[in-house]
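Working through the structure, step by step
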Amino acid sequence: MSKLLNRTMKRFMGYAGLVLIISIPVYYYVINMLWHHELDEHKIELTAAAGREDRYLIILFVTLLTVLFFLLLMIGFILLNRRISKRLWQPFYNSLAQIKGFNLDQQQTVSFEETDIEEFSELNSSLNKLIAGNIAVYNQQKEFADNASHELQTPLAIIQSKLDLLLQTKLLTDEQYDLIEDANKALARVTRINKNLLLLTKIENSQFMDKETIDLSELLENSLILFSIFSENKNLVFDKDIATGVTIEGNKILVEILLNNLITNAIRYTPNDNTIQITLNHKALFIANPGTLSLQQEQLFKRFGNTSAETPGTGLGLSLVKQICSRYNWRTDYTFSDMRHIFSVTF
Amino acid sequence: MKILIIEDEPALSKSIGAYLADENYLCEYAGNFGQAIDKITVYDYDCILLDLMLPGGDGLKILEEIKEQNKQDGVIIISAKNSLDDKIKGLQIGADDYLTKPFHLPELAARIYSVIRRKQFGNVNIIELNELKINLLAKTVSVNDNNVVLTKKEFDLLLYFISNKNKVISKSALAEHLSGDVADMFDNYDFIYVHIKNLKKKLTEAGCDNYLKTLYGTGYKWEI
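With an unreviewed UniProt entry as reference, chain B is termed Two component transcriptional regulator, winged helix family, source organism Chitinophaga pinensis.

Below is the structure:
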């Protein structure tokens, strides 16, 4: 790749060089003619040797002068090119830098510098239009997710209450009870998906902005205690290697959600009677659980990327993790080695 | 016991009313801001269930009004918004509890029970049910005056059942109650068995009648 102006300059230089080379015989012919004309006028006769010498001299000087002018042209072109590309293209580079720094997620607006060059000004206004359109669509989409989830809460509450009431009907059969319970379970799942969607929208809307210093070691230990009712039920053991006094800066609610989602996943997808390894040091957190097959990395952190009948999660847990990590510029990773799924967060 | 349900969705307030009706609760309804203000000004309630998004005004204004009138009514906010700001604001103004929609009716009943107990029995908050005695403040339980040592979860479960007497409680409602906000893993409800089994065992071993019945295989009912 080369810069646009360098390309045009090469052509210009080539053309100038060509013209100058062609000019050498032309100059020679013209000067030679004039020279002979003058000699004839003043009736000066030259010896053959002197005439040859003159011809060579003329050729030499014409060539030298041509090369000199060519060099002058070249230097001029290069200097001019530099100045032009700096001055003329400056608005373009400014706009480019603006676009490079633009991030739809971060909601900042882009303002291009005023320019008196028509093409760039047109480019900038088109870019402005494009970006404004993008921001509008993005906001609409977020608003939609937010509104939709809110609007869903009330009908969900109604269904839930009706099921709870239905359960109070005298003399239900076991079969009817099971039907209600199945509906309850599905409803609980919808509710969770909805809550997580709301949460995602809130994080994307840059809520939860307040930060504090969090003792991650302590928070992690507390979360593990909280989850012990689930892990004990599956007869899982936490193999902990948690350094004490690891602190990070962040929003406590978000960090809690991050930990809970990672631990939940590990517990959910680990078969009974196994060990989950949890390692925390000052640089990173690792949660490893046994597995048989590597997961699809590119689908893993996407919304609903990995949901299936066998994995009855909300499909949003890991995208929440990713969203929270990207807020604080932490890195999330997944690797599969030694028949273990290893999720890590590097601070 | 008088309860005011301030909720603009009639299908929901009807369900709540129907569930609470057999529990000695008398329910009244307000479907919009104006009705709610009228009712709270004229009457006293033991507990008010308050939806925050109402036609005609902000639910938090009603809460402010209740506090301004120096009413002693207990207030539980039931909101579709799971917003921490609203929660903190509501509790600061003086709500007693905050429940996010959707919720299980037994959960709501348990919260109402606890708010009313707290408001009305203050320092001597002891529930007596035949041979069973529960001290809510000290969190102790005794059967025929013999102490029964329960874990926090078991004590919690016992209260949950007692505030939902003679109601069928589904496994999913129990699971949600026990795991609270933290868990995203209700697809496995088995963890509640252990707690219920232990609670039952401890109570019967201390000489308590078996009030906790298993229904339909996985449902429960505190029959008294």
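Looking only at helices and strands, chain B features eight helices and 14 strands. Whereas a compact globule of 224 residues would reach a radius of gyration of roughly 17 Å, chain B reaches 18 Å, a difference of no more than 12%. When the backbone C-alpha atoms are referred to their principal axes, chain B occupies close to 55 × 40 × 30 Å. Here chain B holds 224 residues, and 40% of them are scored as buried. Relative to all contacts within chain B whose residues are 6 or more apart in sequence, the contacts with residues 24 or more apart total 60%.

This brings us to the confidence of the model for chain A. Of all residues in chain A, 96% attain a pLDDT of 70 or more, and the chain-wide mean is 84. Of all helices and strands in chain A, the one with the weakest mean pLDDT is helix α9 (residues 297-300) of chain A (74), whereas strand β4 (residues 275-280) of chain A scores best (92).

Moving on: the domain arrangement of chain B. Domain parsing of chain B yields domain 1 (2-120) and domain 2 (126-222). Taken together, the contact pairs eight residues of domain 1 of chain B with 10 residues of domain 2 of chain B.

With that out of the way, let us pick up the UniProt feature "modified residue: 4-aspartylphosphate" (unreviewed entry) in chain B. Residue and element names in this part refer to chain B. In the numbering used here, UniProt assigns the feature "modified residue: 4-aspartylphosphate" (unreviewed entry) to D51. With respect to the helices, strands and loops of the structure, D51 is situated in the loop between β3 (47-50) and β4 (53-54). In this structure D51 comes out as buried when scored by C-beta crowding, with 24 C-beta atoms within 10 Å. Apart from residues no more than four positions distant in its own chain, D51 is found in contact with I6, E7, D8, G59, I78 and S79.

Turning our eyes to something else, we now look at the interface of chain A and chain B. Contacts between chain A and chain B engage 39 residues on the former and 36 residues on the latter. A class-by-class count of the residues in the side of chain A that touches chain B yields 16 nonpolar, 15 polar and eight charged.

This paragraph deals with the nonpolar core. With 100 residues, the main nonpolar core has I287(A), I3(B), I6(B), L49(B), L50(B) and I76(B) as its most contacted residues. Ranked by residues supplied to this core, first place goes to helix α8 (residues 252-269) of chain A with nine residues. Residues within four places of I76(B) in sequence aside, it is in contact with C47(B), L49(B), L50(B), A95(B), D96(B), D97(B), L99(B), R111(B), I112(B) and V115(B).

Another point: the sheet that holds strand β12 (residues 168-169) of chain B. Residue and element names in this part refer to chain B. Across the sheet, three strands lie side by side as β12-β14-β13; this open sheet has antiparallel pairing. Strands at the two margins of the open sheet, each flanked by one partner only, are β12 and β13 (212-215). Note: β13 against strand β14 (residues 219-222), four bridges, orientation antiparallel. From the neighbouring strand, T214 faces β14, where its bridge partner is Y220.

All right, on to the sheet that holds strand β10 (residues 140-143) of chain B then. Residues and elements named next belong to chain B. Taken in spatial order, the four strands line up as β8-β9-β10-β11 in an open sheet, and their pairing is antiparallel. Taken across any chain shown, the strands that pair with only one partner, and hence form the sheet edges, are β8 (126-129) and β11 (146-148). When strand polarity is set aside, the average angle formed by the axes of neighbouring strands in this sheet is 25°. Pairing of β10 with β11, which is carried by three bridges, proceeds in the antiparallel orientation. Looking at the pairing, V143 lines up with N146 of β11.

This brings us to helix α10 (residues 317-327) of chain A. All names here are of chain A. A large share of α10 lies buried, amounting to eight of its 11 residues. Here the buried face of α10 lies against α5 (174-204), α8, α9, β6 (331-337) and β7 (340-346). N329 lies just past α10 and shows a positive phi near 60°.

The next thing to look at is unusual backbone geometry. A negative phi angle is the norm for most residues apart from glycine, just as the trans form is the norm for most peptide bonds. Of the consecutive residues K101(B) and P102(B), the connecting peptide bond is found in the cis state with omega at -5°. As for its position among the elements, P102(B) is in the loop between β7 (97-100) and α5 (105-121). If you check the backbone angles, D338(A) has positive phi at about 50° while not being a glycine. Inspection of the secondary structure puts D338(A) in the loop between β6 and β7. Look at N166(B): it is not a glycine, yet its phi comes out positive at around 60°.

Take α5(B) next. The end-to-end C-alpha separation of α5(B) is 24 Å, in line with the 24 Å expected for 17 residues at 1.5 Å each. Of all the residues in α5(B), the buried ones are L105(B), P106(B), E107(B), L108(B), A109(B), A110(B), R111(B), I112(B), Y113(B) and V115(B).

Conventions adopted
- One numbering rule holds for all chains: residues counted from 1, following each sequence as written.
- As they are written, the chains are lettered A onward and the ligands numbered 1 onward, keeping that order.
- For this predicted model, a pLDDT threshold of at least 70 governs which residues receive local features, and a threshold of 80 or more governs which side-chain atom pairs are given and counted, while totals over whole chains, interfaces and linings are taken from all residues.
- Helix numbers and strand numbers start at the N terminus; a helix is a DSSP run of H or I with at least 4 residues, a strand a run of E with at least 2.
- Here the globule rule is a power law, 2.2 Å times the number of residues to the power 0.38, and the radius of gyration is based on C-alpha atoms.
- Our exposure labels follow a C-beta count within 10 Å of each residue's own C-beta, placed from the backbone: buried means 20 or more other C-beta atoms, exposed means 12 or fewer, and partly exposed covers the counts in between.
- Contact definition: two residues whose C-beta atoms, as placed from backbone geometry, lie within 7 Å.
- Scored from 0 to 100, pLDDT records how confident the predictor is in each individual residue.
- Those domain boundaries reflect an automatic or database domain assignment.
- UniProt positions are given in the numbering used here, feature names are shortened, and annotations may be inferred rather than shown by experiment.
- Three categories are distinguished: nonpolar for Ala, Val, Leu, Ile, Met, Phe, Trp, Tyr, Cys and Pro, charged for Asp, Glu, Lys and Arg, and polar for the others, with Gly belonging to the last.
- Each nonpolar core reported here comprises buried Ala, Val, Leu, Ile, Met, Phe, Trp, Tyr and Cys residues connected via C-beta atoms within 7 Å.
- A pair of strands is labelled paired if DSSP reports no fewer than 2 bridges between them.
- The convention used is that axes are lines fitted to C-alpha atoms, helices contributing only their stretch in contact, and that angles between N-to-C directions extend from 0 to 180 degrees.
- Take the residue count of a helix, subtract one, and multiply by 1.5 Å to get its expected span.

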